[in-house]
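# A structural walkthrough
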Amino acid sequence: HYRALKKEAEALHSQGYAARKKGDYRSAIVFYSKALEVLPSHFKALFNRGFAYDKIGDYDRAISDYTKAIEIDPQNAFTYYNKGISLDRKGEYDEAIWFFSKAIEL
């Protein structure tokens, strides 16, 4: 059952990634969200949805997705870096610096 869910989530993620590559971040968010409905622990869907939220200026949702992605894979330096970018864009500089430092550390 898990394999079927993972396969479905991967297909939805791929559609989201294709939309993102075209610069259609809102459609990408829809596909990533559907992937997460199927498999809430899908790291790439969380990470990439966070990226798409950041691109449309929805920094709070981006930060939330990056936070969840870090819980799933706390060793992924890119997630800390991207969360730092969203925090920086939101004006939360001290917290952003912590996440940039963590990314470097990893």
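The text that follows walks through the structure, step by step, so that each part is easy to find.

So, on to the overall build of the protein. Across its full length, the protein holds six helices and zero strands. Scanning the protein from its N terminus toward the C terminus, one meets helices and strands in the order α-α-α-α-α-α. Over its C-alpha atoms the protein spans a radius of gyration of 14 Å, differing by no more than 12% from the 13 Å that the globule rule assigns to 106 residues. With respect to the three principal axes, the spread of C-alpha positions in the protein is 40 × 25 × 20 Å. Within the protein, buried positions represent 41% of all 106 residues. Long-range contacts, defined as pairs at least 24 residues apart, comprise 44% of the intrachain contacts of the protein with a sequence gap of at least 6.

If you walk through the whole model with that rule in mind, you get five aromatic pairs. Centre to centre, the rings of Phe 47 and Tyr 66 are 5.8 Å apart; their planes meet at 65 degrees, and the pair counts as edge-to-face. Here Phe 47, found in helix α3 (residues 43-55), pairs with Tyr 66, found in helix α4 (residues 59-72); they are 19 residues apart in sequence, far enough to count as distant. Each member of the pair Phe 47 and Tyr 66 is classed as buried. Judged by centre distance (4.8 Å) and plane angle (80 degrees), the ring pair of Trp 98 and Phe 99 falls under edge-to-face. Under the relative-accessibility criterion, Trp 98 is labelled partly exposed at 48%. Following the ring pairs from residue to residue traces out a cluster consisting of Phe 43, Phe 47 and Tyr 66.

Here we come to the pattern of salt bridges. Pairing between side chains of opposite charge can happen when their charged atoms approach one another. The tally for this structure, following the rule as stated, stands at seven salt bridges. Between Asp 65 and Arg 49 there is a salt bridge, with its nearest N and O atoms 2.6 Å apart. You can see Asp 65 sitting in helix α4 and its partner Arg 49 sitting in helix α3, a full 16 residues away along the chain. A residue is classified by how much of its surface remains accessible, and Arg 49, at 13% relative accessible area, is buried.

Looking now at the environment of Ala 103. With respect to the helices and strands, the residue Ala 103 is situated in helix α6 (residues 93-105). A C-alpha to C-alpha distance of 26 Å links Ala 103 and Leu 39, two positions 64 residues apart in sequence. If sequence neighbours within four positions are ignored, Ala 103 has contacts with Ala 77, Tyr 80 and Tyr 81.

The rules behind the values
Residues numbered from 1 in each chain as written. Predicted model: local features only at pLDDT ≥ 70, side-chain atom pairs only at ≥ 80, totals over all residues. Heavy atoms only, no water. Helix = DSSP H or I, 4+ residues; strand = E, 2+ residues; numbered from the N terminus. Rg over C-alpha atoms; globule rule 2.2 N^0.38 Å. Buried < 20%, exposed > 50% of the residue type's maximum accessible area, 1.4 Å probe, protein only. Contact = heavy atoms within 4.5 Å. Phe/Tyr/Trp six-rings, centres within 6.5 Å; stacked < 30°, edge-to-face > 60°. Salt bridge = Lys/Arg side-chain N within 4 Å of Asp/Glu carboxyl O.

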